[in-house]
Amino acid sequence: MAKLIDGKKIAQEIKDELKEEVSRFKEAGRKISLAVIQVGNDAASSVYVNNKKKACEYIGIESLSYQLAADTVQEELLKLITTLNEDEQVNGILVQLPLPEHMDEDTILKAISPKKDVDGFHPISVGRLWLGEKGFLSCTPAGVIQLLKRSNIEIEGKECVIVGRSNIVGKPMAALLLRENATVTIAHSKTKNLQEITKRADILIAAVGKKKMITAEYVKEGAVVIDVGIHRDENNRLCGDVDFEAVEDKVLAITPVPGGVGPMTIVMLMDNCVETVRN
Ligand code: GUN
């Protein structure tokens, strides 16, 4: 039987550590605040935004909420970001994605001050990550590293294969694993002989965005499998990019969906918020 990597439990541990750290900062007179901007009222985004606010409340970070109408013009959002960039009371700024189609995501993300870029999406944060400099880490990949470390899974020297090359997960995941001295391969939709490559993995990260695509044929016996995907299956139940039932008997350890990588993303966002006051 595979060991289940319990993201909920590990996320709670980190939340409690952060709560203590934030209370020490408060005693020293340092408050932390996060501005959360949502444009429109996409239902899934509202759930994520609410969860972020709840996590802030638990840890002791003040959350400032900005809810803009779906037809807000881009200039208005840019003006709000500029105001928040200049506001010394604001430590972090997060613009919930996806944005309405009339807005240019790239322009918006680049407008956020790199000093307040708690999502780690700004090109300066991405550059620092690849150079191995200190800076804000992309939250989901940073969460995966914490899951591995806190489950005592050695990364150094391991053959790691990431399926998926998105800017939010695949690419920063590769940079972080490389930083931990893994040997890293990124596979993607144009990769030839995908199963041959994924079967080399000691640690396989599925971030492909396709429901239950990773079956037993993709996985080496005794591998560690991290599932970043989240979907609804034919019975409307949550599932990941990995066919959990098909691989669980073959692997050493695996993250479930839900309760694996999911809870870690918000916690690492909280960690980035605290990072704004650490020195
Ligand atoms: N939408 C889905 N995931 C994310 C995330 O990590 N950050 C932001 N800003 N928007 C998202």
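Residues numbered from 1 in each chain as written. Predicted model: local features only at pLDDT ≥ 70, side-chain atom pairs only at ≥ 80, totals over all residues. Heavy atoms only, no water.

(A) Focus on the overall build of the protein chain. Counting its secondary structure elements, the protein chain contains ten helices and eleven strands. In summary, the protein chain has a C-alpha radius of gyration of 19 Å against a globular reference of 19 Å for 279 residues, a match within 12%. Taking the principal axes of the C-alpha coordinates as reference, the protein chain spans close to 55 × 45 × 40 Å. The long-range share in the protein chain, meaning contacts at least 24 apart out of those at least 6 apart in sequence, stands at 71%. (Helix = DSSP H or I, 4+ residues; strand = E, 2+ residues; numbered from the N terminus. Rg over C-alpha atoms; globule rule 2.2 N^0.38 Å. Contact = heavy atoms within 4.5 Å.)

(B) Structural detail: the pattern of salt bridges. Counting across every chain of the model gives twelve salt bridges. Here Glu275 and Lys134 are joined by a salt bridge, their closest N and O atoms 3.1 Å apart. Of the two residues, Glu275 is situated in helix H10 (residues 262-275) and Lys134 in the loop between helix H5 (123-131) and helix H6 (139-150); the sequence distance between them amounts to 141 residues. Of the residues examined, Glu275 reaches a relative accessible area of 22% and is grouped as partly exposed. When its relative accessible area of 70% is taken as the criterion, Lys134 is described as exposed. Salt-bridge contacts for Arg278 lead to Asp271; the nearest nitrogen and oxygen are separated by 2.9 Å. Each of Glu21, Lys134, Asp271, Glu275 and Arg278 takes part in one network of salt bridges that share partners. (Salt bridge = Lys/Arg side-chain N within 4 Å of Asp/Glu carboxyl O. Buried < 20%, exposed > 50% of the residue type's maximum accessible area, 1.4 Å probe, protein only.)

(C) Broad picture of helix H1 (residues 7-27). In this model, H1 (21 residues) spans 30 Å end to end at C-alpha, consistent with the 30 Å of a helix rising 1.5 Å per residue. Within H1, burial applies to Gly7, Ile10, Ala11, Ile14, Leu18, Glu21, Val22 and Phe25. Buried residues of H1, viewed axially, fall in a sector of 105 degrees; they line one side. Exposed and oriented more than 90 degrees from the buried face of H1 are Lys8, Lys9, Glu20, Arg24 and Glu27. On its buried side, H1 packs onto helix H2 (43-59), H6 and H10. Taking the backbone nitrogen of Lys8 as reference, a side-chain oxygen 3.2 Å away marks Asp6 as the first, capping residue of H1. (Expected span 1.5 Å × (residues − 1). Arc of directions from axis to C-beta. Polar contact = N/O pair within 3.5 Å; in protein donor to acceptor, adjacent residues only side chain to side chain.)

(D) Representation of the nonpolar core. With 53 residues, the main nonpolar core has Leu34, Ile61, Leu148, Leu177, Ile205 and Met270 as its most contacted residues. Ranked by residue count, the leading element in this core is H10, at eight residues. Contacts of Leu177, omitting those with residues within four sequence positions, involve Ile145, Leu148, Ile155, Cys160, Ile162, Ala182, Val184 and Ile205. (Core = buried A, V, L, I, M, F, W, Y, C linked by side-chain atoms within 4.5 Å.)

(E) Highlighting the packing of H6 against helix H7 (residues 170-179). Orientation of H6 relative to H7, taken along the N-to-C sense of each, is 40 degrees, at an axis distance of 9 Å. Considering their axes alone, H6 and H7 lie oblique with respect to each other. Crossing angle aside, the handedness with which H6 passes H7 is right-handed. From H6, Pro141, Ala142, Val144, Ile145 and Leu148 reach across to H7, where they touch Pro172, Met173, Leu176 and Leu177. Taken together, the residues of the contact of H6 with H7 break down into nine nonpolar, no polar and no charged. (Axes fitted to C-alpha atoms, helices over the stretch in contact; angles between N-to-C directions. Parallel < 35°, antiparallel > 145°, perpendicular 65-115°, else oblique. Left-handed = near helix turned anticlockwise from the far one by under 90°. Nonpolar A, V, L, I, M, F, W, Y, C, P; charged D, E, K, R; others polar.)

Bear in mind that shape data such as this cannot, by itself, settle questions of function.
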